[in-house]
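Descriptive analysis of the structure
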Amino acid sequence: MNSNNKKAISILVKCSVLILATVFIVYKLNHNTNLSDFKRLVSQLSDKQVYSTMAALFLLMLLNWFLESLKWKFLVQHIERISILKAVESVFCGLTWAIFTPNRIGEYGGRIFFLAPRKRVFGAIAMAVGAVGQMVITNVVGAVAVLWFIWNFISVDNWLLYALIPVVFVFCLFFLLFYFNIKWLISLLSRISFLKQFKKFYMILARYSKRDLMIVFIYAMTRFIVFTSQYCLVIHLLIPEIPILGMIMMIFILFFVQSALPSLDLLDVGVRAMTATYFFSFITQHEVAIMASTACIWFINLIIPAILGAGFVFKLNFFGTARN
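This write-up is about the structure you can find in this document. (Residues numbered from 1 in each chain as written. Predicted model: local features only at pLDDT ≥ 70, side-chain atom pairs only at ≥ 80, totals over all residues. Heavy atoms only, no water.)

**With respect to the overall build of the protein**
Defined as follows: Secondary structure follows DSSP: runs of H or I at least 4 residues long count as helices, runs of E at least 2 residues long count as strands, and numbering of each begins at the N terminus. Just to be clear, the radius of gyration here is over C-alpha atoms, and the globule rule we use is 2.2 Å times residues to the power 0.38. The rule is simple: take the accessible area with a 1.4 Å probe, protein chains only, and divide by the maximum for that residue type; under 20% is buried, over 50% is exposed, in between is partly exposed. Any two residues whose heavy atoms approach within 4.5 Å are treated as being in contact. Exposure was quantified through the Shrake-Rupley algorithm and a 1.4 Å probe, taking into account, for residues, occlusion by the shown protein chains and nothing else.
Check the secondary structure of the protein and you find 13 helices and zero strands. Written out in order from the N terminus, the α and β elements of the protein read α-α-α-α-α-α-α-α-α-α-α-α-α. Relative to the compact-globule value of 20 Å for 324 residues, the protein shows a C-alpha radius of gyration of 21 Å, a close match. Counting only C-alpha atoms, the protein reaches 65 × 50 × 30 Å along its principal axes. Across the 324 residues in the protein, those meeting the buried criterion constitute 50%. Across the protein, contacts joining residues at least 24 apart in sequence account for 75% of those joining residues at least 6 apart. Roughly 16100 Å² of accessible area belongs to the protein as shown, and the carbon and sulfur atoms make up 69% of that amount.

Right under this line is the structure:
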């Protein structure tokens, strides 16, 4: 394939990504009643309170994805040295791809195409390590929150309730042990015959020491605190009387359930709204406010970054040439 064909294909793919992202975003924004409910609810509050909360949510969104960029930069340091700026560009570009792909799989493509061609498979595996770290925190905290929920709101026999405690403990311990011993995957994958030929790729896992994994874990934990704070801010804005502990626990359960459900980012707002409405109904009757809150966070954390990331799509380097 000559350089002109490569350039034409590259431009075609980039334009297709932008068109798909634009169509999906415009359609969903025009058919989102929860966002309309949010606008209606905040119109009844003081402008100062609303603007200050929205500004805080926006700044926390930037912090959230900046932390993810630092985590990405750290993860690929064993593969290719990239600048913080390049890490930020690749993360936001990945969010543009993720917006219309199942389970945000496009986020991988949006990032790894910023790496050299021979490094991209390794980059995908490195990104998976970061995703596992985030998943471990979500599952561990979520499992504890589910136990709290059952304890406080579900009528079950005492023996079953006490039996759940060691189950949750083992569940959490499994995820923590698996993450901090992620090298175990190498031996497991090596036992699968058709995967042996790819051993040179997943051997990258051996480069991550426990110290490296702890640093990634801290980045993931900090991000978890940031987007939990976002939910707390917007829910407290709309429902100031809601109990703090109950609100935080329900948010943890929301993250936990959401992480287990496959969906498109653009459909994810519906999943979030339904999950949040069910669990929050145990501590508040303001169902519309809860759904409006989830829609607000969805818009700020996913839609706005996807729009910002569109500007970096044309920096993607599909063929490893100097310019596309």
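On we go from here.
**With respect to the packing of aromatic side chains**
Note the cut-off: Ring geometry is summarised as follows: Phe, Tyr and Trp rings, the Trp one being its six-membered ring, pair when their centres sit within 6.5 Å, and such pairs are stacked at plane angles under 30 degrees, edge-to-face over 60 and tilted between the two.
For the structure shown, the criterion picks out 22 aromatic pairs. Relative to Phe252, the ring of Phe224 lies with its centre 5.4 Å away and its plane at 35°, an arrangement referred to as tilted. Remark: Phe252 occurs in helix H11 (residues 244–260) and Phe224 occurs in helix H10 (residues 210–238); sequence separation between them is 28 residues. You'll find Phe224 and Phe252 in the same group, each marked buried.

**Considering the packing of helix H3 (residues 47–75) against H10**
The condition is simple: To obtain each axis, a line is fitted to C-alpha atoms, and for helices this fit is confined to the stretch in contact; angles are then taken between N-to-C directions over 0 to 180 degrees. Any angle from 65 to 115 degrees is called roughly perpendicular, while one under 35 is roughly parallel, one over 145 is roughly antiparallel, and all others are oblique. A clockwise turn of the near helix away from the far one marks a right-handed crossing, whereas an anticlockwise turn of less than a right angle marks a left-handed crossing. Under the grouping applied here, Gly and all other residues not named as nonpolar or charged are polar, the nonpolar ones being Ala, Val, Leu, Ile, Met, Phe, Trp, Tyr, Cys and Pro and the charged ones Asp, Glu, Lys and Arg.
One can describe the packing of H3 onto H10 by two numbers: an axis separation of 10 Å at closest approach and a directional angle of 165°. Here H10 runs roughly antiparallel to H3, going by the angle between their axes. In the packing of H3 onto H10, the handedness of the crossing is left-handed. Classifying every residue of the contact of H3 with H10 gives 19 nonpolar, six polar and four charged.

**Thoughts on the side chain of Glu68**
Operational definition: As used in this structure description, the phrase polar contact means that two N or O atoms lie within 3.5 Å; if the pair is within protein, one of them must be able to donate a hydrogen and the other to accept it, and residues adjacent in sequence are counted only when both atoms belong to side chains.
Relative to the assigned elements, Glu68 resides in helix H3. For Glu68, a relative accessible area of 7% corresponds to the buried category. Of note is the side chain of Glu68, whose polar atom sits 2.9 Å from the side chain of Arg223. Apart from the residues lying within four places of it in its own chain, the contact partners of Glu68 are Val91, Arg111, Gln134 and Arg223.

**A closer look at a nonpolar patch on the surface**
The cut-off we apply is this: Every patch collects residues that have over 30% relative accessible area and no salt bridge, joining them within 9 Å if they carry like charges and within 5 Å if they are nonpolar side chains (Val, Leu, Ile, Met, Phe, Trp, Tyr). Between Lys or Arg on one side and Asp or Glu on the other, a salt bridge is scored when a side-chain nitrogen of the former is within 4 Å of a carboxyl oxygen of the latter.
On the surface, Phe169, Val170, Leu173, Leu177 and Trp184 cluster together to form a nonpolar patch covering roughly 520 Å² of accessible area. Broken down by element, the residue count for the nonpolar patch peaks at four residues, all from helix H7 (residues 158–180). Its location among the elements puts Phe169 in helix H7.

**What about the environment of Gly130?**
Along the chain, Gly130 turns up in helix H6 (residues 120–153). Under the relative-accessibility criterion, Gly130 is labelled buried at 2%. Taking C-alpha positions, Gly130 is 7.5 Å from Trp72, a pair spaced 58 residues apart along the chain. Setting aside anything within four residues of it in sequence, one finds Gly130 in contact with Lys71, Leu75 and Val216.

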